[in-house]
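Residue-level structure breakdown
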Amino acid sequence: MRRALAMIFMVPVCMAMHPDAGSTEATTKADPLKARPEVVEEWKDMRFGMFIHWGPVTLTGKELSHSRRIPDEPRPGLQRASGNKGETPVEVYDNLYKQWKPDKFDAREWVKLAQEAGTRYIIFTAKHHDGFCLFDSQLTDYKSTGPESVWKVDYLKELADACHEAGLKLIVYYSQPDWHHPDFTGEHHERYIQYLHGQLREILTNYGRIDGIWFDGLGGSVERWDAKNMFAMMRSIQPDLIINNRSGLPGDFVTPEQMLGEFQNTFPWESCMTLGTSWSWKPDDTIRPLTECLQMLASCACGDGNLALNTGPMPDGRIEPRQAERYREIGAWLGKYGESIYGTRGGPFRPPLMTRIKGRAIQDSPWPETAWTGGSTHRDKGVYLHVFRWPAQVLTLPPIAHKVLSVTVLTGGQAEFTQDENGIQIRVPSPALDPIDTILRLDLDGPAKDIPVLPPAVIDSGSLASGKRATASSSYRDHTTADKAFDGDPGTHWVWDPKDQECWLAVDLGEPRTFDHAWIRERGHGSWIYEYELQMRDDENTPWQTFHHGTRLGPDCEIEFAPVTGRFVRLHLLKYNQSISPRISEFQIYGPDEDSK
């Protein structure tokens, strides 16, 4: 490692640009912090990518990086960044590469599978938080081509060459946190910054065209990574990069992790999801069923976002047959219905939302017979409806200015439709309904992009807190204020300032009310809130009283407690993952059944 540190200072300030990168003069005229609009639009057109997490950790069958046990007294920020202690001692984990022999690795087979899956780009982990490099960096020996690596292969080069041959886009994942590097968050963190920038310069100079950089800063700030200079350096080498939001800067797209993004057509986004339960390969892992995969993909497109679906190759370099088969099944579906995904934009029709998925305060069947689930995409003069749950009789859409010329059921069967001042009514016989996704194309007499995307109808369940005056310890941005948790729309959310040490969200019910039930929806997959309490008080001058204490929330948390009477109710967050910035999309309060009707 001493040799690697010495070499940091040998990195040249300027390296030769990639031949396809364009001129330096053109780069200086552009904003280095933003991709050109046409680059972003091309990325959005692709809609589906394959994420690949891989490394020596596959020998343990445990999670990449996070299974590396953190020292009891880590450097500042290291414990918080990891979020947990792993299962593999550092001295074991950091030496796995000396016995890792992926002799069945074939980059062309990976690329072939990605194409069979219908993906249009690959995201490859060149370096994860553990610091091990899957490329031939000259700044460290802790790499796949290092002197102590048993199987010396530059995996990034192999994959880059295969992608270039096949015409597949390549985005490189690079973790700024490096739990192996001695200067990361240490006394000489500035030396680590030189190392970080130097490795990025190597990746963008030595591997041909790179289409994007996917950072994973674990909540690090602009200052921690010197991100503005980092962006300028990267785009001086390859101007057409698209870069995500995990560097303290907004970047070109946001990256909800292990959760589907909500409808958002004002800023690009990509949901990154695992095909199994782990990012890295895990023996006998549970694989998502095909229905879930297809509905995730369609939901992302309908929300105007992309989906990056992850696989973790096995220790020998092959992608596990079960996962490969699932990708091929997705590709077969896209071969038939890809016109409703590729090159489309989300909307304009959105299905109704509910303030609560289940619970006592609403009927046993929460969705009324007229409701549908799914979404829509559009391109040119066509609108594609993706209907996961068909209403009992008629699917009704709001009125639009364009005339519907025809309705085609892409998944098979015939549709009948009428259009008047009240909207569009579509009927499809039950035998023609697809159990996964009934896809219909509406052909219009004008451009579909002219149809405004209207807010979805909200089906209210009778919450005492819905629409009431809300306050919070803080709000992170103008569109994540406290009232978003009480608007009945799970697509909006409250986010607090991550710098806060104490976080709370409160609502004024207007008058003292009796309640015994709450529904809290933490946006995302799983829960990043580890401890909380529910509190109440009668007026603004009395202290808060805790009436419920809990440890986890999650995407659909129902809480029952002994009846409480009060005017103000507060969710007080005691422990949470500060690096993830959790979000509360719904906080609803319900009285006894007779009070909530």
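Only a predicted model underlies this, so the values are computations on that prediction, with no experimental measurement involved. All chains use their own residue numbering, which begins from 1 and follows the written sequence. With pLDDT at 70 or above as the cut-off, local features in this predicted model cover only qualifying residues; side-chain atom pairs require 80 or more to be listed or tallied, and sums for whole chains, interfaces and linings still use all residues. To get the side-chain values, all heavy atoms of the structure are used, and hydrogens and water are removed first.

Some thoughts on the nonpolar core
If you look at the biggest cluster of nonpolar residues, it comprises 81 residues, and the most contacted ones within it are Ile122, Phe124, Leu170 and Met234. Beyond its immediate stretch of four places on either side in the chain, isoleucine 122 contacts Met50, Ile52, Val111, Ala114, Leu159, Cys163, Leu168, Lys169, Leu170 and Ile171. Buried Ala, Val, Leu, Ile, Met, Phe, Trp, Tyr and Cys residues that are joined via side-chain atoms within 4.5 Å together make up what is termed a nonpolar core. Buried means the residue's accessible area, taken with a 1.4 Å probe over protein chains only, is under 20% of the maximum for its type, while exposed means over 50%, and partly exposed covers the values in between. Leu464, Leu509, Val569 and Ile584 belong to the second largest nonpolar core, which has 30 residues in total. Contact criterion: two residues are considered in contact whenever any of their non-hydrogen atoms come within 4.5 Å of each other.

Observations regarding the confidence of the model for the protein
The predictor attaches a confidence to each residue, called pLDDT, with possible values from 0 through 100. On average, residues of the protein score 88 in pLDDT, and 86% of them are at 70 or above. Below a pLDDT of 50 lies the segment residues 1-28, which in the model reaches 45 contacts outside its immediate sequence neighbourhood of four places, other chains included. In the model, residues 355-366 has pLDDT below 50 throughout and makes 35 contacts with residues more than four positions away in sequence or in other chains.

Describing the sheet that holds strand β16 (residues 438-444)
Paired through backbone hydrogen bonds, the strands of a sheet run either parallel or antiparallel to each other. Across the sheet, 5 strands lie side by side as β8-β10-β11-β16-β13; this open sheet has antiparallel pairing. The sheet is open, and its two borders are formed by β8 (345-346) and β13 (404-409), each paired with just one other strand. By this definition, two strands are paired if DSSP reports at least two bridges between them. Helix and strand definitions here come from DSSP, where helices need a minimum of 4 consecutive H or I residues and strands a minimum of 2 consecutive E residues; each element is numbered from the N-terminal end. Pairing of β13 with β16, which is carried by 5 bridges, proceeds in the antiparallel orientation. The partner of valine 407 across the bridge, within β16, is leucine 442. Along the sheet face, helix α11 (residues 290-302) touches β8, β10 (373-379) and β11 (382-389) and points at about 140 degrees away from the line of β11. Only C-alpha atoms enter the line fits that serve as axes; for helices the fit covers just the stretch in contact. Angles between N-to-C directions range over 0 to 180 degrees.

Some words on the pattern of salt bridges
Any Lys or Arg side-chain nitrogen found within 4 Å of a carboxyl oxygen on Asp or Glu counts as a salt bridge. Overall, the coordinates contain 31 salt bridges when judged by the stated rule. Close ionic contact of arginine 322 with glutamate 320 constitutes a salt bridge, the shortest N to O distance being 2.5 Å. What makes arginine 322 partly exposed here is its relative accessible area of 38%. A residue is classified by how much of its surface remains accessible, and glutamate 320, at 8% relative accessible area, is buried. A salt bridge links aspartate 508 to arginine 567; its shortest N-O distance comes to 2.8 Å. Of this pair, aspartate 508 sits in strand β19 (residues 503-522) while arginine 567 sits in strand β22 (residues 557-576), and the two are 59 residues apart along the sequence. On the accessibility criterion, aspartate 508 (8% relative accessible area) is buried. Taken together, the shared-partner salt bridges connect Glu42, Lys169, Arg209 and Asp211 into one network.

Section: the sheet that holds strand β4 (residues 212-215)
The 7 strands are arranged β5-β4-β3-β2-β1-β7-β6 in an open sheet whose pairing can be described as parallel. Pairing within the sheet leaves two strands with one partner each, and these edge strands are β5 (242-243) and β6 (270-274). Relative to strand β7 (residues 306-311), β6 runs parallel, the two sharing 5 bridges. Considered in β7, the bridge of serine 271 is made with leucine 307. Strands in contact with helix α7 (residues 155-166) are β2 (121-127) and β3 (169-174); relative to β2, the strand with the most contacts, it is inclined by about 165 degrees.

Description of helix α8 (residues 189-206)
When the terminal C-alpha atoms of α8 are compared, their 26 Å separation across 18 residues agrees well with the 26 Å that a helix rising 1.5 Å per residue should span. Most of α8 is tucked away: 14 of the 18 residues are buried. Within two residues after α8, glycine 208 carries a phi angle of roughly 70 degrees, on the positive side. Multiply 1.5 Å by the residue count of a helix minus one, and that product is the helix's expected span.

Here's the deal with the pairing of β22
Taken together, the 13 bridges between β19 and β22 define a ladder with antiparallel strand orientation. When the bridges of β22 are listed, tryptophan 519 appears paired with glutamate 558. By the bridge criterion, 8 bridges tie strand β20 (residues 529-537) to β22 in an arrangement that is antiparallel. Bridging across to β22, glutamate 533 finds its partner in histidine 572.

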